[in-house]
Amino acid sequence: MNLGSDELRTLLRLVDVTQPAEIDCGEFLDRVAGYLERVETGALVPAPEDEDLLQHLRACPECLEEFEALYAVLREQRG
Amino acid sequence: MENILRERSNAEWIAALGAGDEAAVGELGEYLRRTLAKVLRRSGPSADDLADFAQEALVRVVAGLATFRGDAALPTWAAAVATRVAFTELRRRRAREAGRVAFDAAAEEARSPAPDAGGLEREEVFGALRRAIASELTERQRTAVLAELRGVPSVEVAARLGTTQNALYKLTHDARKRLRAALLARGFDAGSIHEHAQEGADR
């Protein structure tokens, strides 16, 4: 296999954040709206129920990309 | 952005959308279109794309009203659904252009997983990780992991493996767990894995 150092490091980062139980992208989508609103209203300390959403964001670059894009726009809209 | 949504409770939204109320459907569709125009501004979507993505999202929202958790305003949830719809379609298009070749290369590599021997392993942990990929993962897991590392979007990886994106997440999550267990078994503790993972993180 011709995995380069950058690819191995990316994989190692994903392995590093791996938890025994993680929610999948579907459950993340079902729950992210509530989290977006809690973050937007200035809840700086994540609620306990948000931890698995944060964990998913650490492990899933695609959901992170969507989250960051939407979060920025919702802040603009309400700011 | 001018607020185009009439004030409604979630219960009112659900009732109106469920009943096909044209005003509510129209307002939410326009809200989604305008929101997507901003969410996607960096990729410069066409007006037709924005209309199509908003329409597809609206259909999914109405079809999924029973699954709405109600822990946010319904338009926020709808905007998250629309963002997923739009990004997934844009990733699918990119995959059509470039991802097919990358997936095929990843699948070919996954079939012959012998780790590079004698290569210039700059760090021992990378060598252990390569060996674990070869010995601990199934061919299907290797294909998925390699394809995603090569930038093939999950929608394309799932389609090529004949599975769903949620099942693909479970497949790669299990792969990551196996790799982590293999590194721990080979003497790397959690702290050293983290340390190696963070090296160069600011690049």
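Located above this text is the structure these notes cover.
These remarks concern the structure in this document. Here the residue numbering is sequential within each chain, running from 1 through the sequence in written order. Each chain takes a letter, starting from A, and each ligand takes a number, starting from 1, following the order in which they are written. Note on the predicted model: pLDDT of at least 70 is required for a residue's local features to be given, and 80 or more for side-chain atom pairs to be given and counted; whole-chain, interface and lining totals, by contrast, use all residues. Hydrogen atoms and water are omitted, and side-chain values are computed over all heavy atoms in the structure.

### Here's the deal with the overall build of chain A
Runs of H or I in DSSP of at least four residues are treated as helices and runs of E of at least two as strands, each being numbered from the N terminus. Helices and strands together make up the secondary structure of chain A, namely four helices and zero strands. Relative to the compact-globule value of 12 Å for 79 residues, chain A shows a C-alpha radius of gyration of 15 Å, a clear excess of over 25%. When its C-alpha atoms are laid out on the principal axes, chain A stretches across 50 × 25 × 25 Å. Burial status across chain A gives 56% buried among its 79 residues. Throughout, a residue-residue contact means that at least one pair of heavy atoms, one from each residue, lies within 4.5 Å. Taking the contacts inside chain A whose residues are at least 6 apart along the sequence as the reference set, 66% of them involve residues at least 24 apart. When the accessible surface of chain A is summed, it comes to about 3600 Å², and 56% of that surface belongs to carbon and sulfur atoms. Note that His is not counted, nor are the chain ends; the positive residues are Lys and Arg, and the negative ones are Asp and Glu. The location of each charge is read from NZ of Lys, CZ of Arg, CG of Asp or CD of Glu. The positive charge centre, built from 7 side chains, and the negative charge centre, built from 18, are 6 Å apart in chain A. With the radius of gyration taken over C-alpha atoms, the globule rule is written as 2.2 Å times the number of residues to the power 0.38. In this scheme, a residue with accessible area under 20% of its type's maximum is buried, one over 50% is exposed, and one in between is partly exposed, where area comes from a 1.4 Å probe on protein chains only. Accessible surface is estimated by sampling points in the Shrake-Rupley manner with a 1.4 Å probe; for residues, cover comes only from the protein chains shown.

### Quick notes on helix α6 (residues 139–149) of chain B
Residues spaced three or four apart along an α-helix face the same direction, because each turn holds 3.6 residues. Residue and element names in this part refer to chain B. Counting buried residues in α6 gives eight out of 11 residues, a clear majority hidden from the surface. Turning to α6, its buried residues are Q141, R142, T143, A144, V145, L146, A147 and L149. Directly beyond the C-terminal end of α6, a positive phi value near 90° is found at G151.

### Examining the interface of chain B and chain A
Listed by partner, the interface residues are 58 residues for chain B and 47 residues for chain A. A combined buried area of about 4900 Å² lies between chain B and chain A, and 55% of that area is made up of carbon and sulfur atoms. Summed over the three residues of chain B that lose the most area to chain A, namely R84, Y169 and R176 of chain B, the buried surface amounts to 15% of that side. Salt bridges, as used here, are contacts in which a Lys or Arg side-chain nitrogen is within 4 Å of a carboxyl oxygen on Asp or Glu. If you look at where chain B meets chain A, you find nine salt bridges. Between E66 of chain A and R84 of chain B there is a salt bridge whose closest N-O contact spans 2.8 Å. Simply put, the buried area is the total loss of 1.4 Å probe accessible area from both parts when two parts are fitted together.

### Examining the pattern of salt bridges
All names here are of chain B. According to the stated counting rule, one finds 27 salt bridges over all chains in the structure shown. Where R8 meets E27, a salt bridge forms, and the shortest distance between an N and an O atom there is 2.8 Å. Linking R8 in the segment before α1 (10–18) with E27 in helix α2 (residues 22–39), this pair joins segments that are 19 residues apart in sequence. Comparing R8 with E27 shows no difference in burial state: the two are buried. Residue D71 is joined to R69 by a salt bridge in which the shortest nitrogen-to-oxygen separation is 3.6 Å.

### Thoughts on the side chain of R8 of chain B
Residues and elements named next belong to chain B. With a relative accessible area of 11%, R8 lands in the buried category. We call two N or O atoms a polar contact when they sit within 3.5 Å, provided that within protein one can donate a hydrogen and the other can accept it, with sequence-adjacent residues counted only if both atoms are side-chain atoms. A distance of 2.8 Å separates the side chain of R8 from the side chain of E27, its partner in a polar contact. Setting aside residues up to four positions removed in sequence, R8 forms contacts with W13, A23, A24 and E27.

### Some points on the packing of aromatic side chains
For Phe, Tyr and Trp, rings pair up if their centres lie within 6.5 Å, where Trp contributes its six-membered ring, and each pair is then called stacked (planes under 30 degrees apart), edge-to-face (over 60) or tilted (otherwise). Applying the stated criterion to the full structure yields three aromatic pairs over all chains. When the centroid spacing of 5.9 Å and the interplanar angle of 5° are considered together, the rings of F67 of chain A and Y71 of chain A count as stacked. One end of the pair, F67 of chain A, and the other, Y71 of chain A, are both in helix α4 (residues 61–78), four residues apart, so they sit about a helical turn from each other. Judged by centre distance (4.8 Å) and plane angle (25°), the ring pair of F68 of chain B and W77 of chain B falls under stacked. Each member of the pair, F68 of chain B as well as W77 of chain B, is classed as buried. A connected cluster of aromatic rings, assembled from ring pairs, spans Y35, F67 and Y71 of chain A. A ring is considered to have a charge above it if a Lys NZ or an Arg CZ atom is located within 6 Å of its centre and within 35 degrees of its normal. The ring of W13 of chain B is capped by R8 of chain B, whose NZ or CZ atom sits 4.5 Å from the centre of that ring.

### A word on the nonpolar core
In this structure, L28, L32 and L40 of chain B are the most contacted members of the largest nonpolar core, which totals 53 residues. At the level of secondary structure, the elements contributing two or more residues to this core comprise α2 (25–40), α3 (51–59) and α4 of chain A together with α1, α2, α3 (47–63) and α4 (74–111) of chain B. Beyond its immediate chain neighbours, meaning those up to four positions away, L40 of chain B contacts P45, L50, F53, A86, F87 and L90 of chain B. Of all hydrophobic cores here, the second largest spans 35 residues; its members include I133, L137, V145 and L161 of chain B. The criterion is simple. A nonpolar core is a set of buried Ala, Val, Leu, Ile, Met, Phe, Trp, Tyr and Cys residues joined through side-chain atoms within 4.5 Å.

Worth remembering: the numbers are spatial, not functional.
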